[in-house]
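Examining the three-dimensional arrangement
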Amino acid sequence: MPDVITIGETLAAFAPVESVRLRYASGFRMRIAGAESNTAIGLQKLGCSTGWISRLGDDEFGAFVLNSIRSEGVDTTGVHIDPSRRTGVMFKQPLANNETEVSYYRDGSAASALSPDDIDAASIANAKLLHVTGITPALSKSCHRTIVHAMDIAAKNRTPVSFDPNIRLKLWKETEFHPILTELIARSNILMLGMEEAEILFSTKSVEQIFQAVFKFGSITHLALKDGANGSYAGTSTDYLHIPPHPCKCIDPVGAGDGYNAGFLFGLLEGMDIEQCGKIGNIVGALATETKGDIEGYPSRKYLEQLLQKKQNIFR
Ligand code: KDG
């Protein structure tokens, strides 16, 4: 059984071949996009065994998503095909300064009907880690119940839970998400938090105050605070440190946070110290920004080791 289980929706994501407004685009490139499967793929590339639980429509986009994730080596036996609903899609609009705006077409998608019955308890009970995000509970009430159910199984079986709030305002719409995310943080052990999300959740930009606020949740053992081009902070209840960024040439930042999660969690699973975990998180996140897709830039374990040892690549 896989060491790491993730749960969530993955979409067929379309980006215009040329960086133009979508209305002028004549060609699109189709890739996959899903925070949880991104993290699973990142971990899998680093040599961890991972599984992804989800629902997909019985359609071409569902087949594309399933084939893509399976081809990266992620276990997809926990994926249910729902003939009555469609696979969700999204479009990426490239903007100035290498920013990206997304438009979702996922209301009522197959994954938005995920329910606790879709969860194989044994896979979570036997895993070394359950990784979930705040995207799934934003999709529907049954998705929210599914995540709570999965966390309950993890707690009963002492499987550590990592949680990334991944706040997507376009999905929460009018829903008051603070109490929902706070409750999920209180059920987690490892918190992966973006700096802007920390500010939204804890009303402060002060790193020290964020660390204090997070460790008031007695369940949390590790916090990674992702600060984009400034690097990250990582710590435990007793101490934290700043980890400088890994240099990169960003062309699309989407997927970097999930890549960071994969690198950081890989370090923890390998028993590395918190500084090394954060360093690997920074590397995987930085490499993710250098490609247009979410996952293409995530490194193999061999490449990561070369970077950590500062070895030159020999191409010829
Ligand atoms: O973190 C990247 C994700 O946001 C992207 O891949 C799509 O999962 C996605 C979402 O719901 O926004």
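Residues numbered from 1 in each chain as written. Predicted model: local features only at pLDDT ≥ 70, side-chain atom pairs only at ≥ 80, totals over all residues. Heavy atoms only, no water.

**Focus on the nonpolar core**
As a reminder of what qualifies: By nonpolar core is meant a set of buried Ala, Val, Leu, Ile, Met, Phe, Trp, Tyr and Cys residues that side-chain atoms within 4.5 Å join together. Only protein chains enter the accessibility calculation, which uses a 1.4 Å probe. A residue is then buried if its area is under 20% of the maximum for its type, exposed if over 50%, and partly exposed in between. Under the scheme used here, helices are H or I runs from DSSP no shorter than 4 residues and strands are E runs no shorter than 2 residues, and both carry numbers assigned from the N terminus. Contacts are assigned to residue pairs that have any heavy atoms within 4.5 Å of one another.
Counting 47 residues, the largest nonpolar core has Ile7, Leu130, Leu193, Phe202 and Leu225 as its most contacted members. A total of seven residues in this core trace back to one element, the largest contributor, which is helix α5 (residues 141-156). Not counting residues up to four positions away in its chain, the partners in contact with Phe202 are Ile185, Leu193, Ile210, Ala213, Val214 and Phe217. In terms of nonpolar packing, the next biggest core, distinct from the first, is built from 36 residues, Leu56, Ile69, Ala256 and Phe266 among them.

**Overview of the packing of aromatic side chains**
Selection rule: Two rings belonging to Phe, Tyr or Trp (six-membered ring only in the last case) form a pair when the distance between their centres is within 6.5 Å. Interplanar angles under 30 degrees mark stacking, angles over 60 mark edge-to-face geometry, and anything in between is tilted.
Enumeration over the complete set of coordinates arrives at 10 aromatic pairs. Plain terms: the ring middles of Phe211 and Tyr240 are 4.2 Å apart, the flat faces sit at 20° to each other, and that makes the pair stacked. Placement of Phe211 in helix α9 (residues 207-215) and of Tyr240 in strand β13 (residues 240-243) is noted, with a sequence separation of 29 residues between them. We classify Tyr240 as partly exposed; its relative accessible area is 30%. Each ring, one from Tyr233 and one from Tyr240, has its centre 6.4 Å from the other, and the planes form 70°; the classification is edge-to-face. Through a chain of ring-to-ring contacts, three or more aromatic side chains come together here, namely Phe14, Phe28, Phe61, Phe91 and Tyr105.

**Notes on the sheet that holds strand β9 (residues 161-164)**
Our working rule: Criterion used throughout: strands pair if DSSP finds at least two bridges between them. Simply put, an axis is a line fit to the C-alpha atoms, just over the touching stretch for a helix, and the angle between two N-to-C directions goes from 0 to 180 degrees.
Taken in spatial order, the nine strands make up an open sheet running β5-β4-β1-β8-β9-β10-β11-β12-β13, and their pairing is mixed. At either end of the open sheet lies a strand with only one pairing partner, and these are β5 (79-82) and β13. This sheet shows a mean twist of 15° between the axes of neighbouring strands, independent of strand direction. Sheet analysis places strand β11 (residues 222-226) next to strand β12 (residues 232-235), joined by four bridges and oriented antiparallel. The residue bridging Leu223 from the neighbouring strand is Gly235, located in β12. The strands touched by helix α8 (residues 195-202) within the sheet are β9, β10 (190-194), β11 and β12, with β10 carrying the most contacts at an inclination of about 100°. Helix-sheet contacts for helix α11 (residues 274-288) involve β11, β12 and β13, and the interaxial angle to β13 is about 30°.

**A short note on the sheet that holds strand β3 (residues 28-33)**
If you trace the four strands from one edge of the open sheet to the other, you get β3-β2-β6-β7, paired in mixed fashion. Here the strands that pair on one side only, and so sit at the sheet edges, are β3 and β7 (100-105). When strand polarity is set aside, the average angle formed by the axes of neighbouring strands in this sheet is 25°. Two elements, strand β2 (residues 11-16) and strand β6 (residues 89-94), share three bridges in a ladder whose sense is parallel. Across the sheet, residue Ala12 finds its bridge partner in β6, namely Val89. Relative to β3, helix α2 (residues 60-71) is tilted by about 65°, and along the sheet it contacts β2, β3 and β6.

**Thoughts on the environment of His178**
Note on placement: His178 falls in helix α7 (residues 178-186). Judged by its relative accessible area of 28%, His178 falls in the partly exposed class. A sequence separation of 152 residues divides His178 from Ser26, and the C-alpha atoms of the two residues are 40 Å apart. Excluding residues that lie within four positions of it along the chain, His178 makes contacts with Ile200 and Leu201.

**Comments concerning the packing of α8 against α9**
Quick reminder of the rule: Crossing handedness: left-handed means the near helix sits turned counterclockwise from the far one by under a right angle, and right-handed means the same turn made clockwise. When residues are grouped by polarity, Ala, Val, Leu, Ile, Met, Phe, Trp, Tyr, Cys and Pro land in nonpolar, Asp, Glu, Lys and Arg in charged, and all others, Gly among them, in polar.
Taken N-terminus to C-terminus, the directions of α8 and α9 make an angle of 65°; their axes are 11 Å apart at the nearest point. With respect to the hand of their crossing, α8 and α9 are arranged in left-handed fashion. Across the interface between the two elements, Met195, Ala198 and Phe202 from α8 touch Val207, Ile210, Ala213 and Val214 from α9. Broken down by class, the residue content of the contact of α8 with α9 amounts to seven nonpolar, no polar and no charged.

**Focus: the pairing of β6**
In terms of strand pairing, β6 meets β7 through six bridges, oriented antiparallel. Of the residues in β7, the one forming a bridge with Pro94 is Thr100. In this antiparallel pair of consecutive strands, β6 and β7, the connection spans five residues, and Asn97 shows a positive phi of 60°.

**Digging into α8**
Going by this rule: Here the arc refers to the set of directions running from the helix axis out to each C-beta atom.
Looking only at α8, the buried set comprises Met195, Glu197, Ala198, Leu201 and Phe202. Viewed end-on, α8 has its buried residues packed into an arc of 155°, placing them on one side of the element. Turning to α8, the residues buried within the fold contact β9, α7, β10, α9, β11 and β12. Two residues or fewer past α8, Ser203 is found with a positive phi of approximately 55°.

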